[in-house]
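Observations on chain architecture
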Amino acid sequence: AGSQPKNQTGKKVVVQKLENAKKTGILSLREHKLDKIPDQVFDITNLTSLDVSNNNLKHLDLANSKKLSNLSNLKSFNCEQNKLQADALTSIPSLLKLQNLSAGGNELGKPVLL
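Residues numbered from 1 in each chain as written. Predicted model: local features only at pLDDT ≥ 70, side-chain atom pairs only at ≥ 80, totals over all residues. Heavy atoms only, no water.

Further remarks concern the overall build of the protein chain. Across its full length, the protein chain holds one helix and four strands. For the protein chain, the succession of helices and strands along the chain, N to C, is α-β-β-β-β. Across the 114 residues of the protein chain, 35% fall into the buried class. Relative to all contacts within the protein chain whose residues are 6 or more apart in sequence, the contacts with residues 24 or more apart total 52%. Carbon together with sulfur atoms contributes 51% to the accessible area of the protein chain, which is approximately 6900 Å² in total. (Helix = DSSP H or I, 4+ residues; strand = E, 2+ residues; numbered from the N terminus. Buried < 20%, exposed > 50% of the residue type's maximum accessible area, 1.4 Å probe, protein only. Contact = heavy atoms within 4.5 Å. Areas by Shrake-Rupley, 256 points an atom, 1.4 Å probe, with all protein chains shown as cover.)

It is worth spelling out unusual backbone geometry at this point. Its identity is not glycine, yet glutamate 31 carries a phi of approximately 60°, on the positive side. Along the polypeptide, glutamate 31 turns up in the loop between strand S1 (26-28) and strand S2 (49-51). A relative accessible area of 39% means that glutamate 31 is categorised as partly exposed. Positive phi, close to 60°, is recorded for asparagine 54, a residue that is not glycine.

It is worth spelling out the side chain of asparagine 78 at this point. For asparagine 78, the location among the structural elements is in strand S3 (residues 76-78). A distance of 2.9 Å separates a polar side-chain atom of asparagine 78 from the backbone nitrogen of glutamate 80. The residues contacting asparagine 78, other than those within four sequence positions of it, are Leu50, Asp51, Val52, Ser53 and Ser102. (Polar contact = N/O pair within 3.5 Å; in protein donor to acceptor, adjacent residues only side chain to side chain.)

This part covers the confidence of the model for the protein chain. Caution is warranted with low-pLDDT regions, since their predicted coordinates should not be read in detail. Mean pLDDT for the protein chain: 88, with 85% of residues reaching 70 or above. This model gives residues 1-5 a pLDDT under 50, and the stretch forms zero contacts once residues within four places in sequence are excluded. (pLDDT = per-residue confidence, 0-100.)

Take the nonpolar core next. Counting 26 residues, the largest nonpolar core has Val41, Leu47, Leu50, Leu68 and Phe77 as its most contacted members. Top contributing element to this core by residue count: helix H1 (residues 11-24), with three residues. Setting aside residues up to four positions removed in sequence, leucine 47 forms contacts with Ala21, Gly25, Ile26, Leu27, Val41, Leu71, Asn73 and Leu74. (Core = buried A, V, L, I, M, F, W, Y, C linked by side-chain atoms within 4.5 Å.)

With that out of the way, let us pick up the sheet that holds S1. Taken in spatial order, the four strands make up an open sheet running S1-S2-S3-S4, and their pairing is parallel. Strands with a single pairing partner mark the edges of an open sheet, and in this sheet they are S1 and strand S4 (100-102). Taking each pair of neighbouring strands and ignoring which way they run, the sheet shows an average axis angle of 5°. Across three bridges, S2 lies against S3 in parallel orientation. Counted as the bridge partner of leucine 50 is phenylalanine 77 from S3. (Pairing = 2+ DSSP bridges. Axes fitted to C-alpha atoms, helices over the stretch in contact; angles between N-to-C directions.)

Below you can see the structure in the form of structure tokens.
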């Protein structure tokens, strides 16, 4: 077997990770060049750990009902090193089980650009 790159990206890999997350409750989509969290993530309500660090996210919630608050079992959330703006974390207080939040390396202090 040839050596695999350390972190594979691409739609097939994301689909596989989403399937695994439904069983494990753990999802890492770090370094996937995402500009939004995939819709399907918000349907995995048993997620306890979500890592979307090192992407190009500006917002966490999607415009429709797909919101971070759907992930009511989330204990650990890493959104470091993205392009999140000041309003991006508004749904965090609704995550009542959240114990660890990592949000460094974003643009949270900058005014919101619509």
